[in-house]
Amino acid sequence: MAEADMDKIFDKLQSVSDRYDELNELISDPEIIADTQKFMKLSKEEGSLRETVETYNKYKKISKQLDDDETMLREKLDSEMEEMVKSEISDLKDQKAKLEEQMKLLLIPKDPNDEKNIIMEIRGAAGGDEASLFAADLYNMYTKYAERQGWKIEVIDETDTEVGGFKEIVLMITGDKVYSKLKYENGAHRVQRIPSTESAGRVHTSTATVGVMPEEEDVDIDIDPGDIRTDVYRSSGAGGQHINKTSSAVRMTHLPTGIVVAMQDERSQQQNRAKAMRVLKARVYDYYKQKEQNEYDEKRKDAIGTGDRSERIRTYNYPQNRVTDHRIGLTLNKLDKIMDGDLDDIIDALIVSDQAKKLEKLNDSEA
């Protein structure tokens, strides 16, 4: 790394280190400790800087040791000691180079939503019954992936089809850094396979769409109760089964945006209200976040997709046991394992690609 580049990196790292020290003083202040919300906010910021500061301190320690060894090497040493010092210098230089790259990655601006839980919406799109069946397959894939990660999945709402698929299913996924990994799943997913109903053995192409939104807490968005119209009605199951005699189903409409959330999954109206509000907050926050960038309509199309067959981020080809992520040109011949929740290779590759793009922008800004 060029010396000028490192000077800029050090300036940023020193600023981070100074802020870290300031935060440690603040969260030790009795007045801050007494203000729970402020204390939690500052503690969270302190925690987010900790790895960067620790890496920076380790780098400074290794740099000092390297300078000391190089100074020692200029003195008169016996051959055995000289060989030992040279070996240590070589090792320290390797560590220093790795830490330089690590520090640069740590300085990449973090997505503030990465630590959050998510609300995921999976919808069958183009392809009729086969699309709804593929939506169910994606639901099973994400469920198994979540289990591997130690996350918890809760079905918030679902609309199933007669063939056993989903017209739509809405999930809450909670755990450690859920959004940081699943945010890349936004978009249209295309499947190529022979449907069970296909007598001629022809391969059909269908799509399902996946939308991923971070769950928003009260501190992130405050919805005026006056902006919400709530309607209650009797919930009913398929074919008229499990019809409630009381009005337990809830439909919430956010009047300024026109966003509607209907919930009838739970037996009690109170439970349905709570679930509906969680989804409504996520959708409203997502709406305003995109609108602030004057790109809401285009972003929503990118995130949820129209479901058109030509629009896709990933293709799942069953006859050839192949999955291709079109955004990064990655092809893996292990569809069976991926549908069983083994998504690590795909998600890791997407994270590396995203980091590379951000690193390139960081380098351009320093040029």
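Under the annotation held in an unreviewed UniProt entry, the protein chain carries the name Peptide chain release factor 1 and is attributed to Fructilactobacillus fructivorans. Under the UniProt heading Sequence similarities (unreviewed entry), the note attached to the protein chain is "Belongs to the prokaryotic/mitochondrial release factor family." For the protein chain, the Subcellular location (unreviewed entry) comment in UniProt is given as "Cytoplasm".

Caption draft 1: Quick look at the side chain of H189. Within the secondary structure layout, H189 lies in strand β4 (residues 187–193). Side-chain polar atoms of H189 contact the side chain of Y316, separated by 2.8 Å. For H189, the contacting residues outside a window of four places in its chain are F134, L138, Y142, S206, T207, A208, V210, I313, R314 and Y316.

Caption draft 2: Highlighting the environment of V163. Of note, V163 is situated in the loop between β2 (152–160) and β3 (166–174). Looking at V163, the relative accessible area reads 40%, which means it is partly exposed. Counting along the chain gives 30 residues from V163 to L133, while the straight-line C-alpha distance between them is 7.5 Å. Ignoring sequence-local partners within four residues, the contact set of V163 consists of D129, S132 and L133.

Caption draft 3: A look at the sheet that holds strand β1 (residues 118–124). The strand order across the open sheet formed by eight strands is β2-β3-β1-β5-β4-β9-β10-β11, and the pairing between neighbours is mixed. Across the chains shown, the open sheet's two edge strands, defined by having one partner strand only, are β2 and β11 (330–332). Averaged over all adjacent pairs, the angle separating strand axes in this sheet is 15°, with direction ignored. Contacts from helix α5 (residues 129–149) reach β1, β2, β3, β4, β5 (204–214) and β9 (314–317), with the element oriented near 45° to β5.

Caption draft 4: Fine view of helix α3 (residues 36–73). End to end, α3 covers 54 Å across 38 residues, agreeing with the expected 56 Å (1.5 Å per residue, within 8%). Residue R50 marks the point of greatest curvature in α3, where the axis turns by about 40°. By the burial criterion, the buried members of α3 are L42, E46, L49, T52, V53, T55, Y56, Y59, I62, S63, L66 and D69.

Caption draft 5: Representation of the pattern of salt bridges within the structure. On inspection of all chains with the given rule, the structure shows 24 salt bridges. For the salt bridge of R278 with E215, the shortest nitrogen-to-oxygen distance reads 3.7 Å. One end of the pair, R278, is in helix α7 (residues 269–292); the other, E215, is in the loop between β5 and β6 (228–233), and 63 residues separate them in sequence. Take R278: its relative accessible area is 27%, and that puts it in the partly exposed class. On the accessibility criterion, E215 (18% relative accessible area) is buried. Beyond isolated ion pairs, a larger network of salt bridges with shared partners links E121, R123, E168 and R283.

Cut-offs used in this document
- Residues numbered from 1 in each chain as written.
- Predicted model: local features only at pLDDT ≥ 70, side-chain atom pairs only at ≥ 80, totals over all residues.
- Heavy atoms only, no water.
- UniProt positions renumbered as here; feature names shortened; annotations may be inferred.
- Helix = DSSP H or I, 4+ residues; strand = E, 2+ residues; numbered from the N terminus.
- Polar contact = N/O pair within 3.5 Å; in protein donor to acceptor, adjacent residues only side chain to side chain.
- Contact = heavy atoms within 4.5 Å.
- Buried < 20%, exposed > 50% of the residue type's maximum accessible area, 1.4 Å probe, protein only.
- Pairing = 2+ DSSP bridges.
- Axes fitted to C-alpha atoms, helices over the stretch in contact; angles between N-to-C directions.
- Expected span 1.5 Å × (residues − 1).
- Bend = angle between axes of the 7 residues up to and from the residue.
- Salt bridge = Lys/Arg side-chain N within 4 Å of Asp/Glu carboxyl O.

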